[in-house]
There are 2 protein chains.
Amino acid sequence: MPSANPADDTAAGVEIAALLERGRDLSTPVLRAAVNRLAAPMDTVASYHFGWIDAAGQPSVGEGGKAVRPALALLSAEVAGARPEVGIPGAVAVELVHNFSLLHDDLMDGDEQRRHRDTVWKVHGPAQAILVGDALFALANEVLLELGTAEAGRATRRLTVASRKLIDGQAQDISYEHRERVTVEECLEMEGNKTGALLACAASIGAVLGGADDRTADTLEAYGYHLGLAFQAIDDLLGIWGDPVTTGKQTWSDLRQRKKSLPVVAALAEGGPASRELGELLAADAKSNDFDSFSEEEFATRAALIEEAGGREWTSQEARRQHAVAIEALAGVDMPTHVRAQLAALADFVVVRKR
Amino acid sequence: MPSANPADDTAAGVEIAALLERGRDLSTPVLRAAVNRLAAPMDTVASYHFGWIDAAGQPSVGEGGKAVRPALALLSAEVAGARPEVGIPGAVAVELVHNFSLLHDDLMDGDEQRRHRDTVWKVHGPAQAILVGDALFALANEVLLELGTAEAGRATRRLTVASRKLIDGQAQDISYEHRERVTVEECLEMEGNKTGALLACAASIGAVLGGADDRTADTLEAYGYHLGLAFQAIDDLLGIWGDPVTTGKQTWSDLRQRKKSLPVVAALAEGGPASRELGELLAADAKSNDFDSFSEEEFATRAALIEEAGGREWTSQEARRQHAVAIEALAGVDMPTHVRAQLAALADFVVVRKR
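Residues numbered from 1 in each chain as written. Chains lettered and ligands numbered in written order. Predicted model: local features only at pLDDT ≥ 70, side-chain atom pairs only at ≥ 80, totals over all residues. Heavy atoms only, no water.

**Details of the overall build of chain A**
- Counting its secondary structure elements, chain A contains 16 helices and two strands.
- The globule rule puts the C-alpha radius of gyration for 355 residues at 20 Å, and the 20 Å found for chain A is close to it.
- For chain A, the spread of C-alpha atoms along the principal axes amounts to about 55 × 45 × 40 Å.
- Across the 355 residues of chain A, 55% fall into the buried class.
- Taking the contacts inside chain A whose residues are at least 6 apart along the sequence as the reference set, 73% of them involve residues at least 24 apart.
- Accessible surface, chain A: about 14,200 Å² in total, of which carbon and sulfur atoms supply 51%.
- Taking the average location of the 35 positive side-chain charges in chain A and that of its 53 negative ones, the two points are 2 Å from each other. (Helix = DSSP H or I, 4+ residues; strand = E, 2+ residues; numbered from the N terminus. Rg over C-alpha atoms; globule rule 2.2 N^0.38 Å. Buried < 20%, exposed > 50% of the residue type's maximum accessible area, 1.4 Å probe, protein only. Contact = heavy atoms within 4.5 Å. Areas by Shrake-Rupley, 256 points an atom, 1.4 Å probe, with all protein chains shown as cover. Lys, Arg positive; Asp, Glu negative; His and termini not counted. Charge placed at Lys NZ, Arg CZ, Asp CG, Glu CD.)

This is the structure we're talking about:
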């Protein structure tokens, strides 16, 4: 009987829920110990961000993230023939960089909600959001480098390159919001930087820590990079058509933020009547002063035009294309059969997820 | 005939101006090349911050910083018997971390001016200040790690620890502003984190890159740490009694920002009549709604009380004490005589500087 939870469905009998849980269970204690090193009140602010305490400082069970990155980092160690535990510092470092970027991005974008809770800058103020983000970024390198091995040095170098791409992607994302037209290629480049680079690092960092050579690490990076693009394509679909109850975001979330996401740029590029009508509406929206008071119907109209111009279907196909490229990349690396099946199942999970 | 410029005066015939210039001349081209790697518009924003272009994007000759850190990093390589050039990536990495912290601190503190120019968040907005700060931080690790050597891994680890302390120090600085009382010990701990840690790193990073052992690096760190505390004590004096024309800051700058700097906390700890009067005034100031409209005379009154309670003299002596500890630390390391004289002369320069 198929489960109601997509995390239980698997392509090859792999239990995704268990895989994600393993990543979370093994990395969270190390992550918490790292965060506890921060000087007050940054430890408290970070604990709030991770959902370990509520705004009043009381212990809470937040929903956390999906934990795809830690799961990847541990599997990645197994690709190199190491125990999954070897990937833990990599999993923690990647999570720290990911959360550093969430703290800063939420502030830059003015986002008030994340994972159904007020964002850090909203609760603790902008200065703490900046500071704690900085601290998590520094901590990421510290956690790796204190291993003191040559492998840790190589892993840190890859993480640093991924972090810089992440920052480049956020810079592009911000600059695109002010531009009238963004090409599909520019959007894909931005999403590759913003989402692909860090997933690429997650997918290779365990292997690097486990002593894999550069070719293996590069191939795993390619898998993670395209997985990241598939992940982001799904995210872009959820950002417009996702169920607010499941995503924890507002209806038409990305449209409200005038995001030039994949469905939008693909629809604008199509050039037919719906595409042109959408282009005129969005151009007028960019100049509008009462955009914030738009009704549900006005956003629904825009969403319908995006769909009519093929933006929804194109993005959905793009997720499948990137998924296929990711799986193909895996063929280039020798690894235990069960690890290959698990990496493939994680890729499947990413393109069927609902949040 | 003694020169009018303190940078020309030397304790042991060392030309400080030439030493600072060497650090600047050797590190700036590498720093500029690193900054040029940033995605647009971050490269432009960073170039503005460093004073290489003006707000309109035209080339300019900004005054830059004093460049004490690059000078230290190059000397540090010579301590290890390496050529000064070996310290260049270290000098650049330390400058990148220093400037990352300036970009974020100016935004968090709401500072509108630095080096006689509008700060980045004032010209390019808060989002760019956050983003470019993040990018410079990432770039610092990248510049070191791409050397690909074991020494670079060790140097990056020390830089990461220093960066975390820098962030801890800023967290303490912010939290102290909201507290009525801060002890002298707390203030010294904060200044050690905020200024000492990175100067400690600058003073050891060249040696680490030059292959020095941990004991040598730790001893150089001790020299740099106490030099940093001496530097900060002088900075705290200039923050109250510095000449605005020379410092580029407002009169009574730190008093206007209600900073719990060393002269203030030392004066408050003294306990005599002037100390108590100062305490009452500052307690009332903390609750005042029209603090921003205070006249020059009102700040002058507070400065006079700080001086009367011995805060100015104590801080001046503290700078000399820390200077002495820094010089003493140098005795623990073998190094060429001219390098020892140059490190000593740099320490002398730090405690006589006027900006």
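**Side note on helix H8 (residues 184–209) of chain B**
All names here are of chain B.
- An ideal rise of 1.5 Å per residue puts 38 Å on 26 residues; H8 measures up with 36 Å between its terminal C-alpha atoms.
- Most of H8 sits inside the fold, with 22 of its 26 residues counted as buried.
- A positive backbone phi angle near 90 degrees is found at Gly211, which sits one or two residues after H8. (Expected span 1.5 Å × (residues − 1).)

**Observations concerning the environment of B:Leu209**
All names here are of chain B.
- Relative to the helices and strands, Leu209 is located in helix H8.
- Look at Leu209 and you get buried, because its relative accessible area is 12%.
- For the pair Leu209 and Leu72, spaced 137 residues apart in sequence, the C-alpha to C-alpha distance is 13 Å.
- If sequence neighbours within four positions are ignored, Leu209 has contacts with Val86, Pro89, Gly90, Leu144, Leu147, Glu151, Ala152 and Ala155.

**A closer look at the interface of chain B and chain A**
- With 31 residues of chain B at the contact, the number on the chain A side is 31 residues.
- Each partner contributes to the roughly 2,900 Å² buried at the junction of chain B and chain A, and carbon and sulfur atoms together form 73% of this total.
- It is B:Leu131, B:Leu145 and B:Arg164 that lose the most area in chain B upon contact with chain A, and together they represent 20% of the buried surface on that side.
- Taken together, the connections running from chain B to chain A amount to two salt bridges. (Buried area = accessible area lost by both parts, 1.4 Å probe. Salt bridge = Lys/Arg side-chain N within 4 Å of Asp/Glu carboxyl O.)

**Points about the pattern of salt bridges**
- Applying the stated criterion to the full structure yields 41 salt bridges over all chains.
- Where salt bridges share partners, they join A:Arg37, A:Glu142, A:Glu146, B:Arg164 and B:Asp168 into one cluster.

**Some points on the environment of A:Val94**
Residue and element names in this part refer to chain A.
- When you line up the elements, Val94 lands in helix H4 (residues 88–109).
- The sequence separation of Val94 and Ala140 amounts to 46 residues, and the corresponding C-alpha distance is 7.1 Å.
- Those residues in contact with Val94 that lie beyond four places of it in its chain are Arg69, Leu159, Leu198, Cys201, Ala202 and Ile205.

**Considerations on the nonpolar core**
- Within the largest apolar cluster, 168 residues are counted, with the highest numbers of intra-cluster contacts made by A:Leu136, A:Tyr223, B:Leu136 and B:Tyr223.
- Excluding residues that lie within four positions of it along the chain, A:Tyr223 makes contacts with A:Leu72, A:Ala203, A:Ala326, A:Ala329, A:Leu330, A:Leu343, A:Leu346 and A:Ala347.
- Residues A:Val265, A:Ala267, A:Leu268 and A:Phe291 belong to the second largest nonpolar core, which totals 28 residues. (Core = buried A, V, L, I, M, F, W, Y, C linked by side-chain atoms within 4.5 Å.)

**Brief notes about the relation of the copies chain B and chain A**
- Of the transformation placing chain B onto chain A, the axial shift is 0.0 Å and the rotation is 180 degrees, giving an RMSD of 0.0 Å. Considering both components of the superposition, the chain copies are consistent with a two-fold axis. Considering only C-alpha atoms, the residue of chain B closest to the rotation axis is B:Gly153, which sits at 2.7 Å. (Least-squares fit on C-alpha atoms with pLDDT ≥ 70 in both.)

**Some thoughts on unusual backbone geometry**
Residue and element names in this part refer to chain A.
- Of note, the bond from Ala40 into Pro41 is cis; its omega dihedral lies within 30 degrees of zero at 0 degrees.
- One can find Pro41 in the loop between helix H1 (16–35) and helix H2 (42–49).
- The backbone of Trp252 sits at a positive phi, close to 50 degrees, despite the residue not being glycine.
- Relative to the helices and strands, Trp252 resides in the loop between helix H10 (244–247) and helix H11 (253–256).
- The backbone phi angle of Arg258 is positive, close to 55 degrees, even though this residue is not glycine.
- Mapped onto the elements, Arg258 comes out in the loop between H11 and helix H12 (262–270).
- For Arg258, a relative accessible area of 31% gives the class partly exposed.

**Thoughts on the side chain of A:Asp236**
- Among the secondary structure elements, A:Asp236 is positioned in helix H9 (residues 214–241).
- The side chain of A:Asp236 is buried and forms no salt bridge, while A:Lys259, the nearest opposite charge, is found at 7.0 Å.

**A word on the packing of aromatic side chains**
- Here the structure, examined in full by the defined rule, presents eleven aromatic pairs over all chains.
- Measuring from ring centre to ring centre gives 4.3 Å for B:Phe100 and B:Phe137, while their planes differ by 10 degrees; the resulting arrangement is stacked. One end of the pair, B:Phe100, is in helix H4 (residues 88–109); the other, B:Phe137, is in helix H6 (residues 126–145), and 37 residues separate them in sequence.
- Over the ring of A:Trp314 we find A:Arg321, and its NZ or CZ is 5.0 Å from the ring centre.
- Here the basic side chain of B:Arg353 rests over the ring of B:Phe231, its NZ or CZ set 3.8 Å away from the ring centre. (Phe/Tyr/Trp six-rings, centres within 6.5 Å; stacked < 30°, edge-to-face > 60°. Lys NZ or Arg CZ within 6 Å of the ring centre and 35° of its normal.)

**Comments concerning the confidence of the model for chain A**
- For chain A, per-residue confidence averages 92 on the pLDDT scale, and 95% of positions sit at 70 or higher.
- Low pLDDT, under 50, characterises residues 1–10 of chain A; the predicted model gives this stretch 13 contacts beyond four residues in sequence or across chains. (pLDDT = per-residue confidence, 0-100.)

**Considerations on helix H13 (residues 273–287) of chain A**
All names here are of chain A.
- The first and last C-alpha atoms of H13 sit 22 Å apart over 15 residues, in line with the 21 Å expected at 1.5 Å per residue.
- Within H13 the residues assigned to the buried category are Ala274, Ser275, Leu278, Gly279, Ala283 and Asp285. Buried residues of H13, viewed axially, fall in a sector of 165 degrees; they line one side. In H13, the exposed positions angled more than 90 degrees off the buried face are occupied by Pro273, Glu280 and Lys287. (Arc of directions from axis to C-beta.)

**Structural notes on the side chain of A:Glu142**
- Residue placement: A:Glu142 occurs in helix H6 (residues 126–145).
- Overall, A:Glu142 belongs to the buried group, its relative accessible area being 10%.
- Separated by 2.7 Å, the side chains of A:Glu142 and B:Arg164 make a polar contact.
- Ignoring any residue separated from it by four or fewer positions in sequence, one finds A:Glu142 in contact with A:Arg37, B:Thr160, B:Val161 and B:Arg164. (Polar contact = N/O pair within 3.5 Å; in protein donor to acceptor, adjacent residues only side chain to side chain.)

**Describing a negative patch on the surface**
Residues and elements named next belong to chain A.
- Taken together, the side chains of Asp290, Asp292, Glu297 and Glu298 present a region of like negative charge at the surface.
- Relative to the assigned elements, Asp290 resides in the loop between H13 and helix H14 (296–308).
- Exposure remark for Asp290: the relative accessible area of 47% places this residue in the partly exposed category. (Patch = residues over 30% accessible without salt bridge, like charges linked within 9 Å, V, L, I, M, F, W, Y side chains within 5 Å.)

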